[in-house]
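Below are the chains, spelled out letter by letter.
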Amino acid sequence: MMHTFRILSILCCFLVHTTANAQFTSQHPLVFIETNGQEIVDEPDILAQIRVIDNGDGMPHSIDDPATYEGYVTIELRGNSSLDFPKKSYGFETADANGEDMDVALLGFPIEEDWILYSGWADKTFLRNVLAMHLSREMGYYASQTRFCEVFLNDEYQGLYVLMEKIKRDNNRVDIAKLSEDDTTGEPRTGGYILKFDWNEEEGWATNSTTITGQPLFLQYVYPKPEDLQYEQQTYIQSFIDSFELALFAPNYTNSFGKHYSDYADINSFVDLFIVNELSKNVDAYKLSTFIHKDRDKNGGKLKAGPIWDYDIAWYNSDYCAGGEFEGWIYNEENCEDLEIMPRWWARFLADPMFQERLCERWSTFRQDLLSESNLLNWIDAQAAFIDAAQERNYALWESLNEPTWAHPEIAGTYQGEVDLLKNFIQQRLVWMDEELNCITSTASPASDDELILNIHPNPTNDGSFQLDVQFPTQPKRVDLSIYSAEGRLMHERTFSAPLSIFSERVSTVGWVPGTYFVSLNTDAFQLNRSIIIAE
């Protein structure tokens, strides 16, 4: 009876909105959490009510709009050092009225139950995690999907947040075989497993390798959870890692079984993780929040790096461990205070000519498009424009732009200034990595659009297409057109190579959901960014 009364009280309180917020409108989904007077703490989680308004990115969202989802969550604070931040991040599980986990397709993501509301307190741009996840997905890997939203807690505005998927085994997340307690022999025992490098605070084991300072190297069990992992499964994955390490640290990278370390590990995944970690100069890279996973042998069975996680203090957002410098590799950075947990794996990888060659191949490929300067800067500009109104509301509440919220190398004092610091770091970092890797010629291009004339019509549009007309002051030899959704998904691209004075393109929007899209136009001399709204 008491539990029923508590639930009814939550529902009643949740339907009440303050007069001050009645006119609130955003182009991002709105998330309302009502705790009915309970405090959200680190542990244990509490039962709360959630209400979501999701009309589509770029479309108006008003507090009085009909909810697209209403239900329950069990919610708690999330983070380690971030627990002390004024603006909190939350971890929550969608649930039924009894607090039992329930899968939900929240904000359009594939159905699951585990979610994170990331506050962005340490990252004044809100873009660093989102950028890293975007790059990893574009490289072909699973990384947490992200979506900007604005959050209300007990009817009080909390600011701009990023909804993220929590890392876990799932067909729509880390897609590896489900390992049951009965899978203790044969093929079923070979996968799947998720492991993590981090502070030695969770259950795991010390491998036969050491850290770069000589301490035992510790790996944590993530999936299955330690309490669900059978003895036979522990011995299997430990033996697999041992065999991999014996090969990796052997003089010829081949263990006594005649197997090369690449027989155990998916090299591209480790190369690509290296690229994201080093491009972002992630001061936590390789040693903290670093996941690896293994599927069953019948599904390939090799150890894979990832999924990536926790890049809010990367991308020139820390003044320690050389995070505020444009030069230097993180994998062998000596001026860090946590090297006692840094694996020797990466230094050994980089000593291998085969790994170096693969790194050069992957870097050269990505630098032509995904990691070109223009693509990265255009993506950042588009995302910053997309959240511009929301970040203004956020910083009107949290007056932190002029304050240190982490160990920042610089504080710009304005949102655009923070975005510019991020962009400048990427430009400088690309130049340095190009020179160090010595694989390719730079693909950077100037960024001036002062003399271009661009017309997009109709805008907004709801007739299934729109027209782009561009007039150039000089004839470019090449024109690259890209259009991205607000979530960073490439919707349309085309390249023209002939000299042009006038460029026209009719773009079909059939199948595009209503919302804001971002147009990126690049030539050998100019760059231009605009937005187009697809109306209902």
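Before reading on, note that the structure itself is shown above.
Because the structure is predicted, anything quoted here is derived from the model rather than measured. (Residues numbered from 1 in each chain as written. Predicted model: local features only at pLDDT ≥ 70, side-chain atom pairs only at ≥ 80, totals over all residues. Heavy atoms only, no water.)

### What about the sheet that holds strand E8 (residues 146-153)?
Strands sit in the order E2-E3-E5-E6-E7-E9-E8 around a closed barrel of seven strands; the barrel is mixed. In this sheet, adjacent strand axes meet at a mean angle of 40° when their direction is disregarded. Two strands pair when backbone bridges link them, and strand E7 (residues 114-118) and strand E9 (residues 156-165) are joined in this way by four bridges, in the antiparallel orientation. Residue pairing in the sheet places Trp115 in a bridge with Glu165 of E9. Its contacts with the sheet place helix H2 (residues 128-138) against E7, E8 and E9, and it is angled at close to 150° to E8. Set on the sheet, helix H8 (residues 388-397) makes contact with E8 and E9; between it and E9 the angle comes to about 125°. (Pairing = 2+ DSSP bridges. Helix = DSSP H or I, 4+ residues; strand = E, 2+ residues; numbered from the N terminus. Axes fitted to C-alpha atoms, helices over the stretch in contact; angles between N-to-C directions. Contact = heavy atoms within 4.5 Å.)

### Thoughts on the environment of Pro188
Inspection of the secondary structure puts Pro188 in the loop between E9 and strand E10 (193-197). Taking C-alpha positions, Pro188 is 9.8 Å from Gln233, a pair spaced 45 residues apart along the chain. For Pro188, the contacting residues outside a window of four places in its chain are Leu179, Asp183 and Arg296.

### Considerations on the environment of Pro409
The residue Pro409 is located in the loop between H8 and helix H9 (415-437) in this model. The spatial distance from the C-alpha of Pro409 to the C-alpha of Asp352 is 34 Å, given a sequence separation of 57 residues. Not counting residues up to four positions away in its chain, the partners in contact with Pro409 are Tyr316, Asn317, Ser318, Asp319 and Gly324.

### Considerations on H8
All of the buried residues along H8 are Ala390, Gln391, Asn394 and Tyr395. Within H8, the buried residues cover an arc of 125° as seen down the axis, which keeps them to one side. Lining the buried residues of H8 we find E8, E9 and H9. (Buried < 20%, exposed > 50% of the residue type's maximum accessible area, 1.4 Å probe, protein only. Arc of directions from axis to C-beta.)

### Structural notes on the sheet that holds E10
Hydrogen bonding along the main chain pairs the strands of a sheet, whether they run parallel or antiparallel. Read across the sheet, five strands follow the order E11-E12-E10-E13-E14 without closing on themselves; strand pairing throughout is antiparallel. Every interior strand has two partners, whereas the edge strands, strand E11 (204-210) and strand E14 (303-305), have only one. On average, each strand axis in the sheet is tilted by 35° relative to the strand beside it, whichever way the strands run. Across four bridges, E11 lies against strand E12 (residues 216-223) in antiparallel orientation. When the bridges of E12 are listed, Ala206 appears paired with Phe218. Each of E10, E11, E12, strand E13 (290-294) and E14 is contacted by helix H3 (residues 231-248), which is oriented at about 15° to E11, the strand it contacts most. Against the sheet, helix H4 (residues 267-280) engages E13 and E14, with an angle of about 15° to E14.

### Overview of the pattern of salt bridges
Taken as a whole and assessed by the stated rule, the structure comprises 18 salt bridges. We note a salt bridge from Arg147 to Asp57, for which the minimum N-O separation is 3.3 Å. Separated by 90 residues along the polypeptide, Arg147 in strand E8 and Asp57 in the loop between strand E3 (46-53) and strand E4 (61-62) bring together distant segments of the chain. For the pair formed by Arg147 and Asp57, the shared burial category is buried. Arg173 is the partner of Glu165 in a salt bridge, and the nearest nitrogen-oxygen pair spans 3.8 Å. Arg173 shares its class with Glu165; the two are buried. (Salt bridge = Lys/Arg side-chain N within 4 Å of Asp/Glu carboxyl O.)

### What about the state of the cysteines?
Throughout the structure, instances matching the rule amount to two disulfides. The disulfide that involves Cys321 links it to Cys336, with 1.7 Å between the sulfurs. Across the S-S bond linking Cys321 and Cys336, the dihedral sits near 70°, which makes this disulfide right-handed. Placement of the pair is Cys321 in the loop between E14 and helix H5 (345-350) and Cys336 in the loop between E14 and H5, with a sequence separation of 15 residues. Of the two residues, Cys321 and Cys336, both sit in the buried class. Residue Cys360 pairs covalently with Cys439 via a disulfide, S to S 1.9 Å. Measuring the twist about the S-S bond at about -135°, one finds the Cys360-Cys439 disulfide to be left-handed. Here Cys360 is found in helix H6 (residues 353-367), whereas its partner Cys439 is found in the loop between H9 and strand E15 (453-457), with 79 residues between them in sequence. Residue classification places Cys360 among the partly exposed residues on the basis of a relative accessible area of 22%. By relative accessible area, Cys439 is classed as partly exposed at 23%. (Disulfide = S-S within 2.5 Å.)

### Re the side chain of Ser26
Relative to the helices and strands, Ser26 resides in strand E1 (residues 25-26). At 2.9 Å, the side chain of Ser26 forms a polar contact with the backbone nitrogen of His28. Not counting chain neighbours up to four residues away, the residues in contact with Ser26 comprise Met59, Pro60, His61, Glu150 and Arg393. (Polar contact = N/O pair within 3.5 Å; in protein donor to acceptor, adjacent residues only side chain to side chain.)

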